[in-house]
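# Per-entry structural report
Residue strings, one per chain:
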Amino acid sequence: MLKTIRKYDKNAVVIVGTPTWSQDVDLVAKSPLKGQKNVMYALHFYAETHKDAIRNKLITAHKKGLPVIVSEFSICDASGNGALDKASANQWMKLLNKYNISFFAWSLCNKNESSALIAPNCNKTSGWEKSDFSTAGKWFINQLK
């Protein structure tokens, strides 16, 4: 895939998935792709499910110099619709900020599930106000301040 992407854009940043639903960044750090530039490796987590074991994988990868980006996360469990764990999510954010790791939250929608950032009764596609966000969405907005 990288050869195909580079054919069209030699400098594009490419996010490469990692084993086990993009959680095993520590394994990839042992043998990253060689001779490639502008490559980052995906880490996904759900704060209620993925705690110290996955955080330690990130720490290991970071210490080995692997460029990691969190291309999917939420503060609920891995089903996308479980309990919210703000304490674990706060630990994750502290770690991401410590290592200056970029992240994408899941998911910008109004589906009636705990990972949705928009409240299920909101039908706006932009111009949101605080009341338009779900509990997870309000937590996420506060992290960006």
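Because the structure is a prediction, the values reported are computed rather than measured.

The next thing to look at is the overall build of the protein. Within the protein, the regular secondary structure consists of 6 helices and 4 strands. Along the protein, helices and strands appear, N-terminal first, in the series α-β-α-α-β-α-β-α-β-α. Counting only C-alpha atoms and orienting by the principal axes, one finds that the protein spans roughly 50 × 35 × 25 Å. The buried share of the protein, reckoned over its 145 residues, is 43%.

Before going further, it helps to spend a moment on empty space enclosed by the protein. For the structure shown, the criterion picks out 1 cavity of 30 Å³ or more. Of the voids in this model, the largest cavity is the one considered here, and its volume is about 40 Å³. Along its surface, the largest cavity is lined by Phe 73, Ser 74, Ile 75, Ala 105, Trp 106, Leu 117, Ala 136, Trp 139 and Phe 140. At the level of secondary structure, the elements contributing two or more residues to the lining of the largest cavity comprise strand S3 (68-74) and helix H6 (135-143). Among the elements that make up the lining of the largest cavity, the one with the highest residue count is H6 (3 residues). Residue classes in the lining of the largest cavity are distributed as 8 nonpolar, 1 polar and no charged.

What H6 keeps buried is the set Ala 136, Gly 137, Trp 139 and Phe 140. Summarising the axial view, the buried residues of H6 lie within an arc of 160°, below the 170-degree limit, and thus occupy one face. Buried positions along H6 lie against S3, helix H5 (86-98) and strand S4 (103-105). One side-chain oxygen at the N-terminal end of H6 lies 3.4 Å from the backbone nitrogen of Ala 136; it belongs to Ser 134.

Burial analysis of strand S2 (residues 39-46) places 7 of its 8 residues in the buried class, the great majority of the element. Here 3 bridges tie strand S1 (residues 14-16) to S2, and the two strands are oriented parallel to one another. When the bridges of S2 are listed, Ile 15 appears paired with Met 40. One ladder, built from 6 bridges, connects S2 with S3; its direction is parallel. In the strand pairing of S3, Phe 45 is matched with Phe 73. Note that the unit made of S2, helix H4 (residues 52-63) and S3 has a crossover that is right-handed.

Cut-offs and rules
Residues numbered from 1 in each chain as written. Predicted model: local features only at pLDDT ≥ 70, side-chain atom pairs only at ≥ 80, totals over all residues. Heavy atoms only, no water. Helix = DSSP H or I, 4+ residues; strand = E, 2+ residues; numbered from the N terminus. Buried < 20%, exposed > 50% of the residue type's maximum accessible area, 1.4 Å probe, protein only. 1 Å grid on protein atoms, 1.4 Å probe; cavity = no way out; pocket = protein on both sides within 12 Å on 5 of 7 lines; lining within 4 Å. Points joined across faces, edges and corners; volume = space filled by probe spheres on them. Nonpolar A, V, L, I, M, F, W, Y, C, P; charged D, E, K, R; others polar. Arc of directions from axis to C-beta. Contact = heavy atoms within 4.5 Å. Polar contact = N/O pair within 3.5 Å; in protein donor to acceptor, adjacent residues only side chain to side chain. Pairing = 2+ DSSP bridges. Right-handed = clockwise from strand over helix to strand, strands pointing away.

Remember, this is a structural readout, not a statement about activity or role.
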